[in-house]
Every structure is written in C-alpha cells, then in structure tokens.
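Structural overview
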Amino acid sequence: MTTVPAWLRRAVADGQSVTGKDVEDVALVAGVAIGALDTVVRRQERWAGAWRQRLALSSAAVTAKQAGRVEDEAALRDAVLLTRPGDDVGPAGRMFLVWHRLAGGHSEDLVTERNLAGVLEEFGHIAEDASVSDLADELRQLAASDGTVEMMIGAVASAERRGYGCALGAWFADALLAQRLGWANAVPLLGAEVIAGIGIRRLRRSGIDIAAVSIEDDADRAKSLLAAQTRAALHAIDLSAELGRRADKLLAVAPKLRAKAADAVVERLLSDDAIVGSEKISGMSDRGLRRLFDRLVELGGVRELSGRPTFRIYGL
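Residues numbered from 1 in each chain as written. Predicted model: local features only at pLDDT ≥ 70, side-chain atom pairs only at ≥ 80, totals over all residues. Heavy atoms only, no water.

What to know about the confidence of the model for the protein
Let me state the cut-off plainly: On a scale of 0 to 100, pLDDT captures the predictor's confidence in every residue. Note on contacts: a residue pair qualifies if any of its non-hydrogen atoms lie within 4.5 Å across the two residues.
Model confidence for the protein is summarised by a mean pLDDT of 85, while 89% of its residues fall at 70 or above. Within the model, the stretch residues 196-216 combines pLDDT values under 50 with 55 contacts to residues more than four positions away or in other chains.

Structural data, given as structure tokens:
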C-alpha cells in the first residue's frame, strides 16, 4: 500500500494552498504525488481495471454536472449498464462512456485520429476529418515536447482554443500523461477535479504554438491545474487502497463459491466498475448468477450498489 505523507495533502488542501507559491514549488508537489501514483500503477494489481473505471465514473459525474445535467454516479452507471446492447445510452451515458474509453483503452491509441473522433462525438462535438487530424497532430507534438508541466497546460489549452471546454482538455491531459509515463492504460484524474476557469486563458488565441507553451504564459492557472492534478492523484491513491482491501476480501471468499462460472464473475468484478445482476455470463443461468451474487454479498465479497430490489448492480 502506498502511503501519502500528511504534508503533501496539506500542500493542496484547497484553492488557497498555492496562493503566493511559485509555479516550480507547486510543480514539485505535483511531481511527488504523480510519483506516488506511478508506484500504484506499476504494481499492476488484478483490481486495477475496476479502480480505473471507478475513477472514470467520478470524472463522468463531474463532467455531467458541468454540462448542467442532474445525473449523479448512480444514474450514470444505470444509463450504461441497464441499456440493451446497441441502444442509445443518452447524453449522460455517453459522458460515462467517454471516460470509460480513457480508462479502458491502451494509452498509445488514445490520441489517434480514429479514437479522437469517437471522443469528440461522445463529448457532443462534431468530428470533422480536418479538425480531428489537426487536433491529433497537435496532441502528438505535445506528447513529444519537453516538460511535463508544459504538456499538461498545452493539452487543456488545445481543447479550450477549439471551444471544447476544460473537461475535454482534462481528458487530453490524462491521456498524454499516461503516454509520458509509459502506463499501459490511462488513469482518469483531472476530470473529477476540473473546474470552470482552470483553462489557460492566454492561450486561446489562434495561431499560437501550443507545443512551445511555457508555464510563465499563465502562472496562476498553471498552479491551479497542477494543484488539481495533485489532489486527483491523491484521491486515486486513496481509492486504490480502499478497492485493494475490498478486492482482497473478494479473492479470500472466492474459493467458497461453487458456481461453475464463478471465476469468470470474479474477474469481471475485478476488471470493471460494476456489473448488472442480469449479466450474461457463459455457463451460468440468470438464477444461478443471482444466487452467486447473493452469496458474495453475504460473504462480504461484493456490494450491491443500486439499493433496489430489482435491476441490481454489483461491484467492489
């Protein structure tokens, strides 16, 4: 388990914590937090998929709220899990899917033209070939540039300059950070922390060389972005500890399960945010699956997340 020192939490406890500090000092704090998170990522725990997708759900809930929607995490989960395959999950559900895409896809594929086209559509933007190609080129330049701080600022600026908003900028920043650190999968971070105004105001004008941006171009907003990234990394570390304990409990009780396809169900629970009680699992009937989940809840291996008597949803 990764332990976070108390001073690191105090350093970015709120928006006033970075007031009066130099950008370099805030960047150092962010670097320590990301370094601690990197340790968690590189352990490649069996439950890492569920962890990333739970973070994706948190990011989706904040994105939905910023878009003026009322759906919370439970409603977003319902929108995706209770919709039949092939049916439209609706605007709110697509917000979950776009962050699910970030957490589930290989980091090297996230900023390809094909993937970006899907991301823009899920965020509600029109994905024209020329604009997607230009965006992909710009993000590749940022990925190859020197300076992780400048790369993150540039990612947010790239989205804002195109009128996409800071939520999509957060998505870009998370994708590029995963590539920079060599993570196989991105970890949704900034989406749950992003707030109106965190973007880089001075970089909205057209024609600027985003790949050459310096933190001195907008120091206050750079500090806000770095502080948000630090808080997000600490939250991700805390969640990893919590889900790690729950996963250990699930794996401890798994040998007591006698159902034929129990191993497949356990792996699904470890790899995703949640699964619906009526999920189609090869080798298991609907009745058998319901009995298995009842047994897992009884043993403390999983939680029922919906609070409903029907259409139940289970996860760590």
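Observations concerning the pattern of salt bridges
Which entries qualify depends on this criterion: Should a side-chain nitrogen of Lys or Arg be within 4 Å of a carboxyl oxygen of Asp or Glu, the pair is scored as a salt bridge. The way it works is that DSSP assigns letters per residue, a run of H or I at least four long becomes a helix, a run of E at least two long becomes a strand, and they are numbered from the N terminus. Only protein chains enter the accessibility calculation, which uses a 1.4 Å probe; a residue is then buried when its area is under 20% of its type maximum, exposed when over 50%, and partly exposed in between.
Taken as a whole, this structure holds 19 salt bridges when the rule is applied. Between Arg162 and Glu138 there is a salt bridge, with its nearest N and O atoms 2.9 Å apart. Within this pair, whereas Arg162 is found in the loop between α8 (148-161) and α9 (166-181), its partner Glu138 is found in helix α7 (residues 129-144), the two being separated by 24 residues in sequence. The buried category is assigned to Glu138, whose relative accessible area is 11%. Of the charged contacts in the structure, one is a salt bridge between Glu193 and Arg231, with a shortest N-O distance of 3.1 Å. Here the residue Glu193 occupies a position in the loop between α9 and α10 (219-253), and Arg231 occupies one in helix α10, the gap between them amounting to 38 residues. On the accessibility criterion, Glu193 (22% relative accessible area) is partly exposed. One continuous salt-bridge network, built from bridges that share partners, spans Asp134, Glu138, Arg161 and Arg162.

Section: the packing of aromatic side chains
Pairs of aromatic rings are described using the distance from one ring centre to the other and the angle between the two planes. Operational definition: A pair of Phe, Tyr and Trp rings is counted when the ring centres sit within 6.5 Å of each other, with Trp represented by its six-membered ring. The angle between the planes then sorts it: under 30 degrees is stacked, over 60 is edge-to-face, the rest tilted.
Under the defined criterion, the tally for this structure stands at 4 aromatic pairs. Their ring planes at 75° and their centres at 6.3 Å tell us that Trp99 and Phe123 sit as a pair that is edge-to-face. With Trp99 in helix α5 (residues 90-104) and Phe123 in the loop between α6 (113-122) and α7, this residue pair connects regions lying 24 residues apart in the sequence. Judged by relative accessible area, Trp99 falls into the buried class, the value being 0%. Residue Phe123 is classed as buried on the basis of its relative accessible area, which comes to 17%.

Considerations on the environment of Asp220
Mapped onto the elements of the fold, Asp220 is located in helix α10. On a C-alpha basis, the gap between Asp220 and Asp22 in space is 9.2 Å, while along the polypeptide they are 198 residues apart.

Some details on unusual backbone geometry
Keep in mind that most residues, glycine aside, have a negative phi and that most peptide bonds are trans. A positive phi angle, near 50°, is found at Gln44, a position not held by glycine. With respect to the helices, strands and loops of the structure, Gln44 is situated in the loop between α2 (23-42) and α3 (48-66). In this structure Gln44 comes out as exposed when scored by relative accessible area, which is 66%. Phi at Phe311 takes a positive value of approximately 50°, unusual for a residue other than glycine. Mapped onto the fold, Phe311 is located in the loop between β2 (303-304) and β3 (313-315). Looking at Phe311, the relative accessible area reads 61%, which means it is exposed.

Digging into the packing of α5 against α6
Pairs of packed helices are described in terms of their axes, by the angle between the two and the distance that separates them. So the rule is basically this: Structural elements are reduced to axes, namely lines fitted to C-alpha atoms, with helices fitted over the stretch in contact, and the angle between N-to-C directions of any two is expressed from 0 to 180 degrees. For classification purposes, an angle smaller than 35 degrees is called roughly parallel, one larger than 145 roughly antiparallel, one from 65 to 115 roughly perpendicular, and anything else oblique. Here a crossing is called left-handed whenever its near helix is offset anticlockwise from the far helix by less than a right angle, and right-handed whenever the offset is clockwise. Each residue is assigned to one class: nonpolar for Ala, Val, Leu, Ile, Met, Phe, Trp, Tyr, Cys and Pro, charged for Asp, Glu, Lys and Arg, and polar for all the others, Gly among them.
Direction vectors running N to C along α5 and α6 enclose 150°, while the axes themselves pass 9 Å from each other. The angle between the axes of α5 and α6 places the two elements in the roughly antiparallel class. Between α5 and α6 lies a crossing of left-handed hand. Mapping the contact onto sequence places Arg94, Leu97, Val98 and Arg101 in α5 and Asn115, Gly118, Val119 and Glu122 in α6. For the contact of α5 with α6, the class distribution of residues is 3 nonpolar, 2 polar and 3 charged.

Side note on the packing of α6 against α7
Interhelical geometry of α6 versus α7 gives an angle of 115° and a closest axis separation of 9 Å. In terms of their interaxial angle, α6 and α7 are classed as roughly perpendicular. The two elements α6 and α7 cross, and the hand of that crossing is right-handed. Mapping the contact onto sequence places Glu113, Leu116, Ala117 and Leu120 in α6 and Val132, Ser133, Leu135, Ala136, Leu139 and Arg140 in α7. Partitioning the contact of α6 with α7 into residue classes produces 7 nonpolar, 1 polar and 2 charged.

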